[in-house]
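# Analysis of the macromolecular model
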Amino acid sequence: MTIPDDNLPDHVRRNREAWDAWAVDYVDNGERSWRLAPGAEKWGNWSIPEADIDLLPADLAGKDTIELGCGTAYVSAWLARRGARPVGIDNSEKQLATARRLQAEHGLDFPLLHGNAETVPYPDATFDLAISEYGASIWADPYRWIPEAARLLRPGGQLIFLVNATILMLCMPDAEEAATNAIQSVNFHLGYGDWIRLLRANGFEIENLVELYPAEGTTAADFPYATNEWARQWPTEEVWIARKR
Ligand SMILES: C[S@@+](CC[C@H](N)C(=O)[O-])C[C@H]1O[C@@H](n2cnc3c(N)ncnc32)[C@H](O)[C@@H]1O
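Residues numbered from 1 in each chain as written. Predicted model: local features only at pLDDT ≥ 70, side-chain atom pairs only at ≥ 80, totals over all residues. Heavy atoms only, no water.

### Points about the packing of aromatic side chains
According to the stated counting rule, one finds 15 aromatic pairs in the structure shown. When the ring of Tyr74 is compared with that of Trp78, the centres are 5.3 Å apart and the planes differ by 50 degrees; the resulting orientation is tilted. Of this pair, Tyr74 and Trp78 both sit in helix α4 (residues 74-81), four residues apart, which is roughly one turn of that helix. With centroids separated by 6.5 Å and ring planes inclined at 15 degrees, the aromatic side chains of Phe161 and Trp240 adopt a geometry described as stacked. Of the two residues, Phe161 is situated in strand β7 (residues 153-164) and Trp240 in strand β9 (residues 237-244); the sequence distance between them amounts to 79 residues. (Phe/Tyr/Trp six-rings, centres within 6.5 Å; stacked < 30°, edge-to-face > 60°. Helix = DSSP H or I, 4+ residues; strand = E, 2+ residues; numbered from the N terminus.)

### Quick look at the site of the ligand
Near the ligand, the surroundings consist of 18 residues, among which Asp90, Gln95, Asn116, Ala117 and Glu133 are the closest. Contact distances for the ligand include 3.2 Å between a nitrogen atom and a backbone N or O atom of Asn91. The side chain of Gln95 places a nitrogen or oxygen atom 2.9 Å from an oxygen atom of the ligand. Within the complex, the protein chains bury 96% of what would otherwise be the 590 Å² of accessible surface of the ligand. Of the residues in the shell around the ligand, the class split is seven nonpolar, nine polar and two charged. (Near = heavy atom within 4 Å. Polar contact = N/O pair within 3.5 Å; in protein donor to acceptor, adjacent residues only side chain to side chain. Areas by Shrake-Rupley, 256 points an atom, 1.4 Å probe, with all protein chains shown as cover. Nonpolar A, V, L, I, M, F, W, Y, C, P; charged D, E, K, R; others polar.)

### Some points on the packing of helix α2 (residues 27-34) against α4
Between α2 and α4, the shortest axis-to-axis distance is 9 Å and the interhelical angle comes to 10 degrees. In terms of axis orientation, α2 runs roughly parallel to α4. Contacts between α2 and α4 involve Asn29, Gly30, Ser33 and Trp34 from the first element and Tyr74, Ala77, Trp78 and Arg81 from the second. Taken together, the residues of the contact of α2 with α4 sort by class into four nonpolar, three polar and one charged. (Axes fitted to C-alpha atoms, helices over the stretch in contact; angles between N-to-C directions. Parallel < 35°, antiparallel > 145°, perpendicular 65-115°, else oblique. Contact = heavy atoms within 4.5 Å.)

### Some details on helix α10 (residues 192-201)
All buried positions along α10 are accounted for by Trp195, Leu198 and Leu199. Burial along α10 is one-sided: seen end-on, the buried residues are contained in an arc of 95 degrees. More than 90 degrees from the buried face of α10, the exposed residues found are Arg197 and Ala201. Tucked into the core, α10 has its buried residues touching α6 (136-139), α7 (142-152), β7, β8 (204-212) and β9. Residue Gly203 follows α10 closely and has a positive phi angle near 85 degrees. (Buried < 20%, exposed > 50% of the residue type's maximum accessible area, 1.4 Å probe, protein only. Arc of directions from axis to C-beta.)

### A word on the nonpolar core
Counting residues in each nonpolar core, the largest one holds 70 residues, and the members touching the most others are Leu68, Trp145, Ile146, Leu159, Phe161 and Trp195. Apart from residues lying up to four places away in sequence, Trp195 is in contact with Ser137, Pro142, Trp145, Ile146, Phe161, Val163, Leu190 and Trp240. (Core = buried A, V, L, I, M, F, W, Y, C linked by side-chain atoms within 4.5 Å.)

### Re the sheet that holds strand β6 (residues 127-133)
Strand order across the open sheet formed by seven strands is β5-β4-β3-β6-β7-β9-β8, with mixed pairing between neighbours. Only two strands of the sheet have a single partner each, and these edge strands are β5 (112-114) and β8. In this sheet, adjacent strand axes meet at a mean angle of 15 degrees when their direction is disregarded. Examined bridge by bridge, β6 and β7 share six bridges and lie parallel to one another. Considered in β7, the bridge of Ala130 is made with Leu159. Relative to β5, helix α5 (residues 93-106) is tilted by about 165 degrees, and along the sheet it contacts β4 (85-90) and β5. (Pairing = 2+ DSSP bridges.)

### Observations regarding the pattern of salt bridges
Counted according to the given criterion, the structure contains 15 salt bridges. Between Arg100 and Glu93 there is a salt bridge, with the nearest N and O atoms lying 2.8 Å from each other. Here Arg151 and Asp124 are joined by a salt bridge, their closest N and O atoms 2.8 Å apart. A residue pair is termed long-range when its members are at least 10 positions apart, and Arg151 in helix α7 and Asp124 in the loop between β5 and β6 qualify at 27 residues. You can call Arg151 partly exposed: its relative accessible area is 26%. Residue Asp124 is classed as exposed on the basis of its relative accessible area, which comes to 53%. A single network of salt bridges, built from pairs that share partners, joins Asp64, Arg85, Asp128 and Arg154. (Salt bridge = Lys/Arg side-chain N within 4 Å of Asp/Glu carboxyl O.)

Now the structure itself:
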């Protein structure tokens, strides 16, 4: 289902164009990630095992979940296999086409919406968990998607989102990347104080900030921004875990 919206913000429009173009490059990772069985899930650029970091809530059976910027929707597939009732929303119809094909191939069916995670067409307090792995968490405006996640969650519901680590963003060659990037996409990165104030202002208690470090010698596909040695010294990825009061 595509959510009609004539007033998509400029950054959402630009990111839709970008992600429709890049979707083809994310098929392989989607296929690989959909194949991961419960307990064998892997997170982020360094494929860090869920078994090592326990990001997922222990009891997902019967829980209503929404993945904000689900892409190929493998995280929602993991949640479904652990007993949850997932919904995925993504801004790119091309990414969702891969997700739908993989749903059919794996015999898993859950709603996938084509739209902006900053305005989700579900009533208040519909979900127990909102999750985003490099989805809305970096591609949507935090001052829009965090209030929306707060609205969608039931009291006591959890928000889990994975982003590039702040220190990595500070060390990234921004201008150079922008100059070589033909499609002008827009992504968002806050410092720690701003994240804390934004989450608390929207009724979240911060439970954890998990910094991810790769195992020695592991490689990250298509990730030219840090070596394994660097990423073992300074985190390149961070996961915020917060609970709606
Ligand atoms: C790196 S992918 C992450 C998703 C998933 N973990 C994956 O790798 O397939 C980023 C996704 O965020 C989506 N996205 C960007 N802005 C969005 C927005 N405002 N609302 C919903 N999805 C958005 C993109 O379309 C893209 O599919």
